[in-house]
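# Working through the structure, step by step
Each chain, letter by letter, is given below.
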Amino acid sequence: MTAETPEALAGGRLTIDRDALAANWRDLAARAEGAATAAVVKGDGYGIGLEPAVRALAAAGCDIFFVAVPEEGLRLRATLPEATIYILDGLFEGAAATYAEANLRPVLSSLPEIEEWTAHRQQNPAAHAALHIDTGMHRMGLGLGEAEALLAGPGLADALGLTLVMSHLACADTPDHPLNQRQRDAFRAVRARLPDVPGSLANSAGIFLGADYRFDLVRPGIALYGGAAVNDAANPMRPVATLEARILQVRDAAPGETVGYGATEALDRPSRLAILAVGYADGYPRHASSSDQRPGARAFLRGRAAPLVGRVSMDLITIDVTGIAGARRGDWVELFGPNIPVDEVAERAGTIGYELLTSLGRRYHRRYSP
């Protein structure tokens, strides 16, 4: 099965609202007034499809994009020949010529990358890059000591063809976390050493921290796709992806009977159950299962929420449709979307909306609207 599976043959369907994606970008751009607004489209556009995502974002006005790996950058370049494209995973060893040929800008994070890019730039002075400074996340980026040593010498920006200096916030989704201010202050100090190079610190959540975090460019990701960027706060973004599953069978079960593998949930009343044609092989998380010890995720059908019952299996889910009049074979049931937020499902599964979106399987029929 592929993403082009006809709807009549698919157990699940995924509807992508491109207008909502564009509206979310415009909303974030307005919140980041004074800074340019890019779009992070790694992970196949957070699972919704790289090419449809970047076309919609470009139509909304976005012309700067971030992906993780050069393969994604090449796909994006084929779709948007004029876009500015940064590769977050940096310069892959021996691949500088490919970056330059496709006008991809590596985000340089280590001394070996910088040495290789500097040598490449001597033969290709039109090639550009970004510089990543680790201000406290301890993941990608030059350490502050390494950055200070490099910046002590003259001409770094010209030697590397820098068009951006950036860092990444570790705890922006928790606004009162003290690391946010420490990272901001550390980045501000580095940014002062490169006054002619635009600076970027804010991810989706960072945009909501205020103007002190926005600098020259913001890099929203999850918020573009409708996910919640800030913990324990109302989510102002429009949902972009709606996941639905087909009802295969509706059946009755008696009190005391159990549902699914492991008999982990026993029914406490006469129940009407619907079996859905989606499971963990489709990227719907097994940990969203329900049991006698804990509730699972919810679905939505005919204007009402319907709880999952028992374990999520490879290809099937069971929901309780008791009291939902008219539930029948062939109905489409929302698993997440406008009525069941993707972050709610993720929370019930002990994960985050990012993982749920980027894990979407290939068996869905995909629809793009408009």
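Residues numbered from 1 in each chain as written. Predicted model: local features only at pLDDT ≥ 70, side-chain atom pairs only at ≥ 80, totals over all residues. Heavy atoms only, no water.

### Side note on the overall build of the protein
The number of helices and strands found in the protein is twelve helices and 19 strands. Summarising its shape, the C-alpha atoms of the protein cover approximately 80 × 45 × 35 Å along the three principal directions. Taking all 370 residues of the protein together, 53% fall into the buried category. Sequence separation of at least 24 residues holds for 66% of the intrachain contacts in the protein that already meet a minimum separation of 6. By element, 50% of the accessible surface of the protein is carried by carbon and sulfur atoms, the whole surface being about 16,200 Å². The distance from the centre of the 36 positive side-chain charges to the centre of the 44 negative ones in the protein is 6 Å. (Helix = DSSP H or I, 4+ residues; strand = E, 2+ residues; numbered from the N terminus. Buried < 20%, exposed > 50% of the residue type's maximum accessible area, 1.4 Å probe, protein only. Contact = heavy atoms within 4.5 Å. Areas by Shrake-Rupley, 256 points an atom, 1.4 Å probe, with all protein chains shown as cover. Lys, Arg positive; Asp, Glu negative; His and termini not counted. Charge placed at Lys NZ, Arg CZ, Asp CG, Glu CD.)

### Observations concerning the packing of aromatic side chains
Taken as a whole, this structure holds four aromatic pairs when the rule is applied. Ring centres of Phe66 and Tyr86 lie 5.0 Å apart, and the angle between their planes is 15°; on these two criteria the pair is classed as stacked. Pair noted here: Phe66 is in strand 4 (residues 64-67) and Tyr86 is in strand 5 (residues 84-87), with a separation of 20 residues, a long-range link. Each member of the pair, Phe66 together with Tyr86, is buried. Ring geometry for Phe187 against Phe215: centres 4.9 Å apart, planes inclined by 90°, an arrangement best described as edge-to-face. Here the residue Phe187 occupies a position in helix 9 (residues 178-193), and Phe215 occupies one in the loop between helix 10 (204-207) and strand 10 (217-218), the gap between them amounting to 28 residues. Phe215 shares its class with Phe187; the two are buried. Each member of the aromatic cluster is reached from another via a ring pair, and the members are Tyr46, Tyr225 and Tyr354. (Phe/Tyr/Trp six-rings, centres within 6.5 Å; stacked < 30°, edge-to-face > 60°.)

### Considering the packing of helix 1 (residues 18-31) against helix 3 (residues 50-60)
For the pair helix 1 and helix 3, interaxial distance at closest approach is 9 Å and the crossing angle is 50°. Put simply, helix 1 runs oblique to helix 3. Between helix 1 and helix 3 lies a crossing of right-handed hand. Note on element contacts: helix 3 touches helix 1 through Pro52, Ala53, Ala56, Leu57 and Ala60, opposite Arg18, Leu21, Ala22, Trp25 and Arg26. Considering only residue class, the contact of helix 1 with helix 3 consists of eight nonpolar, no polar and two charged. (Axes fitted to C-alpha atoms, helices over the stretch in contact; angles between N-to-C directions. Parallel < 35°, antiparallel > 145°, perpendicular 65-115°, else oblique. Left-handed = near helix turned anticlockwise from the far one by under 90°. Nonpolar A, V, L, I, M, F, W, Y, C, P; charged D, E, K, R; others polar.)

### Let's talk about helix 9
Here helix 9 is 16 residues long and its end C-alpha atoms lie 24 Å apart, about the 22 Å a rise of 1.5 Å per residue gives. When helix 9 is considered as a whole, its buried residues turn out to be Leu179, Asn180, Gln183, Arg184, Ala186, Phe187, Val190 and Arg191. Residues of helix 9 that are buried in the fold lie against helix 7 (144-152), strand 8 (162-166) and strand 9 (199-200). (Expected span 1.5 Å × (residues − 1).)

### A short note on the side chain of Arg121
Looking at where Arg121 falls in the secondary structure, it is placed in helix 6 (residues 111-123). Although buried, Arg121 forms no salt bridge, and the nearest oppositely charged side chain, Asp158, lies 6.1 Å from it. For Arg121, the side chain forms a polar contact with the main-chain oxygen of Asp158, separated by 2.5 Å. Every residue in contact with Arg121, bar those within four places of it in the chain, is listed here: Ala126, Ala127, Asp158, Ala159, Leu160 and Gly161. (Salt bridge = Lys/Arg side-chain N within 4 Å of Asp/Glu carboxyl O. Polar contact = N/O pair within 3.5 Å; in protein donor to acceptor, adjacent residues only side chain to side chain.)

### Thoughts on unusual backbone geometry
For residues other than glycine, phi is negative in most cases, and the peptide bonds are mostly trans. The omega torsion of the bond from Ser369 to Pro370 falls at -5°, within 30 degrees of zero and hence cis. Note on placement: Pro370 falls in the segment after strand 19 (365-369). Backbone geometry places Tyr46, a non-glycine residue, at a positive phi of 50°. Owing to a relative accessible area of 6%, Tyr46 belongs among the buried residues under this scheme. Even without being glycine, His138 reaches a positive phi, approximately 60°. Tracing the chain through its elements places His138 in the loop between strand 7 (129-132) and helix 7.

### Points about the side chain of Arg184
By the element assignment, Arg184 lies in helix 9. By relative accessible area, Arg184 is classed as buried at 13%. In this structure, Arg184 is in contact with Leu201, Asp212, Tyr213 and Phe215, ignoring residues within four places of it in sequence.

### Some thoughts on the packing of helix 3 against helix 4 (residues 70-79)
Remark: helix 3 packs on helix 4, axes separated minimally by 10 Å, with the N-to-C direction vectors making an angle of 50°. Taken together, the axes of helix 3 and helix 4 lie oblique to each other. As for the relative orientation of helix 3 and helix 4, their crossing is right-handed in sense. In contact with Leu50, Glu51, Val54 and Arg55 of helix 3, helix 4 contributes Glu72, Arg75, Leu76 and Thr79. For the contact of helix 3 with helix 4, the per-class residue count stands at three nonpolar, one polar and four charged.

### Side note on the nonpolar core
Of all hydrophobic cores here, the largest spans 112 residues; its most connected members are Val41, Phe65, Phe66, Leu76, Leu131, Tyr284 and Ile319. Ignoring sequence-local partners within four residues, the contact set of Tyr284 consists of Leu243, Val278, Gly279, Ala297, Leu308, Val312, Ile317, Leu335, Val345 and Tyr364. (Core = buried A, V, L, I, M, F, W, Y, C linked by side-chain atoms within 4.5 Å.)

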